[in-house]
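Examining the three-dimensional arrangement
Chain by chain, the residues:
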Amino acid sequence: MSAEAIATFESSLDEIGVELVRTTADEFASTLSPLLDAPTVGTSLPFETVSLPDRVDTDPSIADLEAAATGVTAAGYGIADYGSVIIQGGTDGEEPVSLYADEHVAVVAASDVLPDMDATFDQLAEDIRNGVGQSIIATGPSATADMGSLVTGAHGPMDVTVVLLEDK
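A quick note: this is a predicted structure, and the numbers were derived from the prediction, not measured.

Moving on: the sheet that holds strand β8 (residues 135-138). Within a sheet, adjacent strands bond to each other through the backbone by hydrogen bonds, running parallel or antiparallel. Across the sheet, which stays open at both edges, the 4 strands sit in the order β7-β4-β5-β8 with mixed pairing between neighbours. Strands with a single pairing partner mark the edges of an open sheet, and in this sheet they are β7 (113-114) and β8. Bridge count between strand β4 (residues 77-79) and strand β5 (residues 84-88): 3 bridges; the pairing is antiparallel. Along β5, the bridge assignment pairs Gly78 with Val85.

The next thing to look at is the pattern of salt bridges. Between side chains of opposite charge, pairing is possible as soon as their charged atoms come close. Evaluation of the coordinates by the stated rule reveals 3 salt bridges. The salt bridge involving Arg22 is made with Glu166; its shortest N-O contact spans 2.9 Å. Taken together, the positions of Arg22 in strand β1 (residues 19-23) and Glu166 in the segment after β11 (159-165) put the pair 144 residues apart, joining distant regions of the chain. Of the residues examined, Glu166 reaches a relative accessible area of 38% and is grouped as partly exposed. Residue Glu126 is joined to Arg129 by a salt bridge in which the shortest nitrogen-to-oxygen separation is 3.1 Å.

What follows concerns the nonpolar core. Counting residues in each nonpolar core, the largest one holds 18 residues, and the members touching the most others are Phe28, Leu32, Leu45, Phe47, Val50 and Val107. When residues of this core are assigned to their parent elements, the largest contribution, 3 residues, is made by strand β6 (residues 103-109). Among all residues touching Leu32, those that are not within four sequence positions of it are Leu52, Pro53 and Val105. Residues Leu20, Ala75, Ile87 and Ala110 belong to the second largest nonpolar core, which totals 17 residues.

Cut-off values and rules
Residues numbered from 1 in each chain as written. Predicted model: local features only at pLDDT ≥ 70, side-chain atom pairs only at ≥ 80, totals over all residues. Heavy atoms only, no water. Pairing = 2+ DSSP bridges. Helix = DSSP H or I, 4+ residues; strand = E, 2+ residues; numbered from the N terminus. Salt bridge = Lys/Arg side-chain N within 4 Å of Asp/Glu carboxyl O. Buried < 20%, exposed > 50% of the residue type's maximum accessible area, 1.4 Å probe, protein only. Core = buried A, V, L, I, M, F, W, Y, C linked by side-chain atoms within 4.5 Å. Contact = heavy atoms within 4.5 Å.

And the structure:
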């Protein structure tokens, strides 16, 4: 992570209408709480210093996913140039949690913000060699203009917020 990559990431997120919220481990709970509209589903976070509040359902049924207003997942990486996040699939259901709810809250460590796609593909290749399965590159809210005017939320969340954990 470099300060330049973080600044670019923040600028790129702003351009696509995604809010970036910076926080530290000590302030994580108070930062996350106002972002969670109930019902909320989520997956466990891979950071040793933070966790989701008890009110977040981390073992949701399909009905819970469909009813969720907010889905919280970790993001394996952020891509500064595009304001994208990498959602790595796993047994906790990161992909459906990131896609079903109207709002996706992605938590990414500042140290995992990569400068560009070249660095991202290098990292994803390393992940594949190490057995990490699939990943989704998500850039902003779901949107389509297939039928004319732009419609958000057609295939995924209508809103996205990135929580940047500065000292995981």
